[in-house]
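Single-letter residue listing:
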Amino acid sequence: MTDIELIHGDSLQALKGYTDNHFDVAIVDPPYGLGFDGEKTSMTISPNMESERKKFWKGKKVNQYTKKDWDKEVPPKEYWDELFRVSKNQIVWGGNHFELPQSRGWIFWDKKMDKGFSLADGELAWTSFDKGVKKFEYLWAGFKKKKPIKRIHPTQKPIDLYRFCLKYYTCEGDLILDTHLGSGSIAIACHYMKRKLIGYEIDKEYYDAACKRFKEQTMQQALW
Ligand SMILES: C[S@@+](CC[C@H](N)C(=O)[O-])C[C@H]1O[C@@H](n2cnc3c(N)ncnc32)[C@H](O)[C@@H]1O
């Protein structure tokens, strides 16, 4: 296998084909069942931030996404059974939306709302690791960033967020699983941090865009 393998397909069906503990760590970001899969905006901010936000976006291109239907429901029980069977450890973004075992090893993504704007002050990941809570700080869009970051997916996560997960919860050479690739941010992080990855994305448009993004971003490094 190549180190980074991006596959167009249904991850639930694919998981059934793997042996127990095949993957070192599964780092996943499944649908939360909130309908944030296209047109619906996820932006709620306080009124005093609204004028700042308008100023920030004025004249800048706002990301727009085709409406899709993948965020209607959370994955079925069968998915979780398979995920826990095929991987030794797990990190689940949006862990607060799912029924998962008790854990002390949560990750909090602090979105630095004092300097920017987003749906919430942060996001949570459940982990199977017996470690204390860890905090990752990252500002997506805000007054200190000159340009908004171009996104190709409505729920795209930062590459740096995955770099953080890989740094603190995995080792060089580990085989990582992502069952819901989306924009493929995790693939770029794995490439730079020398982790192997198998990632699945069911939507062809997202899959093609993720592959293109991966090639473009990793080719830049090759040129240098
Ligand atoms: C929350 S998004 C993932 C976003 C991703 N973490 C990122 O950084 O871009 C969930 C993705 O899972 C995909 N998806 C939904 N069901 C799937 C399935 N059964 N197999 C593979 N992908 C699936 C959706 O098309 C969507 O792109």
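The structure under discussion appears in the preceding block.
Here's what I pulled together on the structure shown here. Since this is a predicted model, take the numbers as computed values, not measurements.

Reading the values: rules and limits
- Residues numbered from 1 in each chain as written.
- Predicted model: local features only at pLDDT ≥ 70, side-chain atom pairs only at ≥ 80, totals over all residues.
- Heavy atoms only, no water.
- Core = buried A, V, L, I, M, F, W, Y, C linked by side-chain atoms within 4.5 Å.
- Buried < 20%, exposed > 50% of the residue type's maximum accessible area, 1.4 Å probe, protein only.
- Contact = heavy atoms within 4.5 Å.
- Near = heavy atom within 4 Å.
- Polar contact = N/O pair within 3.5 Å; in protein donor to acceptor, adjacent residues only side chain to side chain.
- Areas by Shrake-Rupley, 256 points an atom, 1.4 Å probe, with all protein chains shown as cover.
- Axes fitted to C-alpha atoms, helices over the stretch in contact; angles between N-to-C directions.
- Helix = DSSP H or I, 4+ residues; strand = E, 2+ residues; numbered from the N terminus.
- Parallel < 35°, antiparallel > 145°, perpendicular 65-115°, else oblique.
- Left-handed = near helix turned anticlockwise from the far one by under 90°.
- Nonpolar A, V, L, I, M, F, W, Y, C, P; charged D, E, K, R; others polar.

## Considering the nonpolar core
The biggest cluster of nonpolar side chains holds 52 residues, and the ones touching the most others in it are Leu6, Ile27, Ile91 and Trp93. Discounting chain neighbours no more than four positions away, the residues touching Ile91 are Val25, Ala26, Ile27, Val28, Ile107, Ala125, Trp126, Thr127, Phe129, Cys165 and Tyr169.

## A closer look at the site of the ligand
Taken together, 21 residues form the shell around the ligand, and within it Asp29, His153, Lys157, Ser183 and Glu201 come nearest. At a separation of 2.7 Å, a nitrogen atom of the ligand approaches a polar side-chain atom of Asp29. Here His153 contributes a side-chain N or O atom positioned 2.8 Å from an oxygen atom of the ligand. Relative to its unbound accessible surface of 600 Å², the ligand loses 93% to contact with the protein.

## Considerations on the packing of helix H4 (residues 159-169) against helix H5 (residues 185-192)
One can describe the packing of H4 onto H5 by two numbers: an axis separation of 8 Å at closest approach and a directional angle of 50 degrees. Taken together, the axis directions place H4 and H5 in an arrangement best described as oblique. Note on packing geometry: the crossing formed by H4 with H5 is right-handed. Within the contact between the two elements, H4 uses Ile159, Tyr162, Arg163 and Leu166 and H5 uses Ser185, Ile186, Ile188, Ala189, Cys190 and Tyr192. When grouped by side-chain class, the residues that make up the contact of H4 with H5 number eight nonpolar, one polar and one charged.

Interpretation note: all reported values are geometric properties and have no functional meaning in isolation.
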